[in-house]
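Chains, contacts and geometry: an overview
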Amino acid sequence: MDFDNLFAQICQDLKETGEVIEMSARFSTCSSDAQRISFILATNTVRKCLQEPLSLAKQEMSAPCKSQSLSASHRAEGNNYYQKKLNWKAISSYNRSLLVGEGESLALAYANRSAVFHDMADWLHSLRDIQLALDQGYPKHLEHKLRERQGNCWQELGHVTRAFKSFNLAKELLASAGQQHKDKLISITSKIRKLGDVMEVTESMSNATSIEQEIIKKRRLAPELNRDRNILLPSASTSIELTDSVDRGRCLVATEDIHIGTTVIVEKAFASILLAEFKESHCHHCLHWTPGPVPCHRCSQVGFCSTICRDEATYHQSECGLTDLFHRTGVGSHGSIGLLAVRTVLKTGRDKIVMANQQESIGKVYDSSDYGTIHRLVGNTSQRSVADLFRRAVMAVYLTSLMQPDNEPDQVLATAVLRLLQSYPCNAHEICHLAVPLPGTSRRADRPLQQIQLCEIGSAAMPVLSLINHSCDPNIARVCYGDVIAIKAIRRIARGEELLDNYGYHYAVHEKSERQTRLFRQYYFRCNCRACVEDWPRYADAPRLDNRPDLSETVDRYVKLRWCDPDGPPEASELAQSFIDCLDAMETSVKLPVQEYNNAQEVFAASKWRPCCVFGCCWRPSCGQRRRRYLPTRST
């Protein structure tokens, strides 16, 4: 039973027993989250309704989730695709085989996937899978295949001594097998001769972890900050500072003039979650795209980009087997807030939560890695209705009970979860990646930018980014690198000016009345930005820049370079500075808004992302809209 149905049943039972009015009155007197949790735990009707769903959930958690037969079925499907040279489909099937496999079925799936990576010239992933197949006990009579493939990979990477050793191991295995592999033995011997004389083989064979470290090094990392790190705000540069104003609350302002394209914040999430539909293509822990996930040892619901991330994700031990269930119990339309709240609590630990409860302030340093910064995010509790708080309190008890062996929730943890269920709808951020058509599926040879899809893959707790207030015409844009988000200026920001994000309701695509209504409904404020005060028209109704051909032609040239090259086409880099100059000129010499300015900001922001492939082209429904940067950017 999902939480919506469970809560509906609780409400129905309270109506039938005639407790609604009296209970609402008593619950409304609770002045703290701790009191609200105590109230729920003392309510027999609620506890009784929770018993059966909790029992069923524990049965679901304890049920075997690994299956040799299902793993073999997915592997056979992958073999069929591989024979037809449908490599990406083959990898997808092998990934599914690995998620549900164990023992020898894991070894066979790793080995088969390594063959696909080998044919795709992805030597490092092939080597990693070969090593994992061997670690899982790959059949000895077939090991010569892996050793030859291993030698090929090392040779392609220029590691001659490692290739020599792998080929020799393959030769020894074939020789011990007798005459049945005579032709293959001749082939291996020939490869060894071509390597030349290798007198001393002193280079040790790499293990899976060292190979994975090389894979991680090849990722595109978040950019460096434009200045030294701010010692009071470690995720930000000295170009910005944290201030507190009467009308704006805590906010970030520029300490110097900031130019377009400048990176002023690079923040790693305190906690993050991956949406369920991306479990086969992205890492459960770091949220990076991976062509070859490594499965959890126990459950079949998550995959990791590496054994390194799998070992680092110690919090998963407490949620293992319940990840899918947590996804079904979220608050709001995204259905991920519940899981993000639980993940935060599991990563923090009870002792640090108790310490945060006892501290009156977070101190002078606003550190993203400090739970205190998360603990004190605004939850708008005073503006929430009794019904809303009651629902979230019940959910907090339910989610916390799932983590306890005896279904008795820890009140400290449940109180922390309730606090986050209130603050995250206003403060959690989407993690988005650009996805491109898989190789061979694009209808256009140049793979234009129009075919890129901006996919929301998860949600994250970003306490520093949560300090940035909203504008319907923002001056910054966010770019995701796994669970790290970089903030870049998309407009000139003068010294003393506030950094402004967009919470999903942009003047270019939403009417003023709609923006005001939605922002107040979710974030409890009325926007007074320039676009609202001057009631700017939407993009479709905005004028065009007809009297400045020097600016409009530069924008058009840049817009036409809608390539899907992960590193960007040479033409784009050559035009980048003139394009920035063009944005500058429009801000100072053109009466905004105009369509060309929107186009320029859109393309400039998109050019900062690195596209990645997503298996099966599994786009989310909202990704088809044209102006994707202006889609809702905070989880609700």
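All right, on to the overall build of the protein chain then. Of regular secondary structure, the protein chain possesses 25 helices and 15 strands. Per-residue burial for the protein chain yields a buried fraction of 56% across its 636 residues. For the protein chain, long-range pairs separated by at least 24 residues make up 71% of all intrachain contacts whose partners lie at least 6 apart in sequence. For the protein chain, the computed accessible surface area is about 28000 Å², with 49% contributed by carbon and sulfur atoms.

So, on to helix 3 (residues 33–41). When we look at burial in helix 3, the residues that qualify are Asp-33, Arg-36, Ile-37, Phe-39, Ile-40 and Leu-41. Of the surrounding secondary structure, the elements contacted by the buried residues of helix 3 are helix 2 (20–28), helix 4 (44–62), helix 19 (386–402) and helix 20 (411–427).

This part covers a nonpolar patch on the surface. Taken together, the side chains of Ile-231, Leu-232 and Val-365 make up a nonpolar region of the molecular surface, amounting to roughly 290 Å² of accessible area. Position of Val-365 relative to the elements: it lies in the loop between helix 17 (350–358) and helix 18 (371–375).

Side chains of strand 6 (residues 271–274) alternate between two faces, with Ala-271 and Ile-273 and Ser-272 and Leu-274 buried alike. Of the strand pairs in this sheet, strand 6 and strand 10 (residues 453–461) are connected by 4 bridges, and their pairing is antiparallel. Each bridged residue has a counterpart across the sheet, and for Ile-273 the counterpart in strand 10 is Ser-459.

For the rest of this paragraph, the subject is the side chain of Ser-237. For Ser-237, the location among the structural elements is in strand 2 (residues 233–237). Taking relative accessible area as the criterion, Ser-237 reaches 0% and is therefore assigned buried. In contact with Ser-237, other than residues within four places in its own chain, are Leu-225, Asn-226, Arg-227, Asp-228, Arg-229, Asn-230 and Val-264.

Before going further, it helps to spend a moment on the pattern of salt bridges. The final tally for this structure, using the stated rule, is 28 salt bridges. Residue Arg-47 pairs with Glu-408 through a salt bridge whose shortest N-O separation is 2.6 Å. Highlighted residues: Arg-47 in helix 4 and Glu-408 in the loop between helix 19 and helix 20, separated in sequence by 361 residues. Judged by relative accessible area, Glu-408 falls into the partly exposed class, the value being 41%. Note that Lys-191 is salt-bridged to Glu-148, the shortest N-O span being 2.8 Å. Taken together, the positions of Lys-191 in helix 11 (residues 182–194) and Glu-148 in helix 9 (residues 143–156) put the pair 43 residues apart, joining distant regions of the chain. A relative accessible area of 21% means that Lys-191 is categorised as partly exposed.

Okay, helix 7 (residues 104–119) next. Between its first and last C-alpha atoms helix 7 spans 23 Å; for 16 residues at 1.5 Å apiece the expected length is 22 Å, and the two agree. A large share of helix 7 lies buried, amounting to 13 of its 16 residues. Immediately beyond the C-terminal end of helix 7, within one or two residues, lies Ala-121, with a positive phi of roughly 65°.

Here we take up the packing of aromatic side chains. Considering all chains together, one arrives at 12 aromatic pairs under this definition. With a centroid separation of 6.2 Å and an interplanar angle of 85°, the aromatic rings of Tyr-503 and Phe-525 are classed as edge-to-face. Here the residue Tyr-503 occupies a position in the loop between strand 14 (500–501) and helix 21 (512–523), and Phe-525 occupies one in the loop between helix 21 and helix 22 (530–533), the gap between them amounting to 22 residues. Taking relative accessible area as the criterion, Phe-525 reaches 24% and is therefore assigned partly exposed. Each member of the aromatic cluster is reached from another via a ring pair, and the members are Phe-3, Phe-7, Phe-27, Phe-39, Phe-390 and Tyr-398. When the ring centre of Trp-154 is taken as origin, the NZ or CZ atom of Arg-162, which lies over that ring, is 4.7 Å away. In this structure, Arg-526 packs its charged tip against the face of Phe-520, placed 4.1 Å from the ring centre.

In this section: the packing of helix 6 (residues 87–100) against helix 7. For the pair helix 6 and helix 7, interaxial distance at closest approach is 9 Å and the crossing angle is 160°. With respect to helix 7, the axis of helix 6 lies roughly antiparallel. In this structure, the crossing between helix 6 and helix 7 has a hand that is left-handed. Taking contact as the criterion, the partners of Asn-87, Ala-90, Ile-91, Tyr-94, Asn-95, Ser-97 and Leu-98 in helix 6 are, on helix 7, Leu-106, Ala-109, Tyr-110, Asn-112, Arg-113, Val-116 and Phe-117. Each residue belonging to the contact of helix 6 with helix 7 can be placed in one class, and the counts come to 9 nonpolar, 4 polar and 1 charged.

As a further point, take the side chain of His-125. Structurally, His-125 can be placed in helix 8 (residues 123–135). A relative accessible area of 7% places His-125 in the buried class. With sequence-adjacent residues up to four places away left out, His-125 is seen in contact with Phe-117, Ile-215, Thr-290 and Pro-291.

The next point concerns the pairing of strand 2. For strand 2, the tally of buried residues reaches 5 of 5 residues, placing the bulk of the element in the interior. Here strand 1 (residues 229–230) runs beside strand 2; their pairing, made up of 2 bridges, is antiparallel. Following the sheet pairing, Asn-230 is matched in strand 2 by Leu-233. Remark: 2 residues form the turn of the hairpin made by strand 1 and strand 2, two consecutive strands paired antiparallel.

All right, on to the environment of Cys-299 then. Mapped onto the elements of the fold, Cys-299 is located in the loop between strand 7 (294–295) and strand 8 (303–304). Remark: the alpha-carbon pair of Cys-299 and Glu-319, spanning 20 residues in sequence, is separated by 9.8 Å. With near-sequence residues (within four places) excluded, Cys-299 lies in contact with Cys-65, Lys-66, Leu-99, His-316, Cys-320 and Gly-321.

Let us look at the confidence of the model for the protein chain. On average, the protein chain scores 85 in pLDDT, and the residues at 70 or more come to 85%. Ignoring residues within four places in sequence, the model shows residues 613–636, a span with pLDDT below 50, making 105 contacts including any to other chains.

Here we take up unusual backbone geometry. A cis amide bond links Leu-592 to the next residue, Pro-593, at an omega of 5°. With respect to the helices and strands, the residue Pro-593 is situated in the loop between helix 24 (570–589) and helix 25 (595–606). The backbone of Ala-121 shows a phi angle near 65°, a positive value even though the residue is not glycine. Along the chain, Ala-121 falls in the loop between helix 7 and helix 8.

Our focus in this paragraph is the state of the cysteines. Scanning all chains against the criterion turns up 0 disulfides. Not part of a disulfide, Cys-527 finds its nearest cysteine sulfur in Cys-529, a span of 3.5 Å. The class of Cys-527 is buried, set by a relative accessible area of 6%.

For Thr-400, the position within the fold is in helix 19. On the accessibility criterion, Thr-400 (0% relative accessible area) is buried. Discounting residues that sit within four places of it in the chain, Thr-400 has contacts with Pro-409, Asp-410, Leu-413, Ala-414 and Val-417.

The rules behind these values
Residues numbered from 1 in each chain as written. Predicted model: local features only at pLDDT ≥ 70, side-chain atom pairs only at ≥ 80, totals over all residues. Heavy atoms only, no water. Helix = DSSP H or I, 4+ residues; strand = E, 2+ residues; numbered from the N terminus. Buried < 20%, exposed > 50% of the residue type's maximum accessible area, 1.4 Å probe, protein only. Contact = heavy atoms within 4.5 Å. Areas by Shrake-Rupley, 256 points an atom, 1.4 Å probe, with all protein chains shown as cover. Patch = residues over 30% accessible without salt bridge, like charges linked within 9 Å, V, L, I, M, F, W, Y side chains within 5 Å. Salt bridge = Lys/Arg side-chain N within 4 Å of Asp/Glu carboxyl O. Pairing = 2+ DSSP bridges. Expected span 1.5 Å × (residues − 1). Phe/Tyr/Trp six-rings, centres within 6.5 Å; stacked < 30°, edge-to-face > 60°. Lys NZ or Arg CZ within 6 Å of the ring centre and 35° of its normal. Axes fitted to C-alpha atoms, helices over the stretch in contact; angles between N-to-C directions. Parallel < 35°, antiparallel > 145°, perpendicular 65-115°, else oblique. Left-handed = near helix turned anticlockwise from the far one by under 90°. Nonpolar A, V, L, I, M, F, W, Y, C, P; charged D, E, K, R; others polar. pLDDT = per-residue confidence, 0-100. Disulfide = S-S within 2.5 Å.

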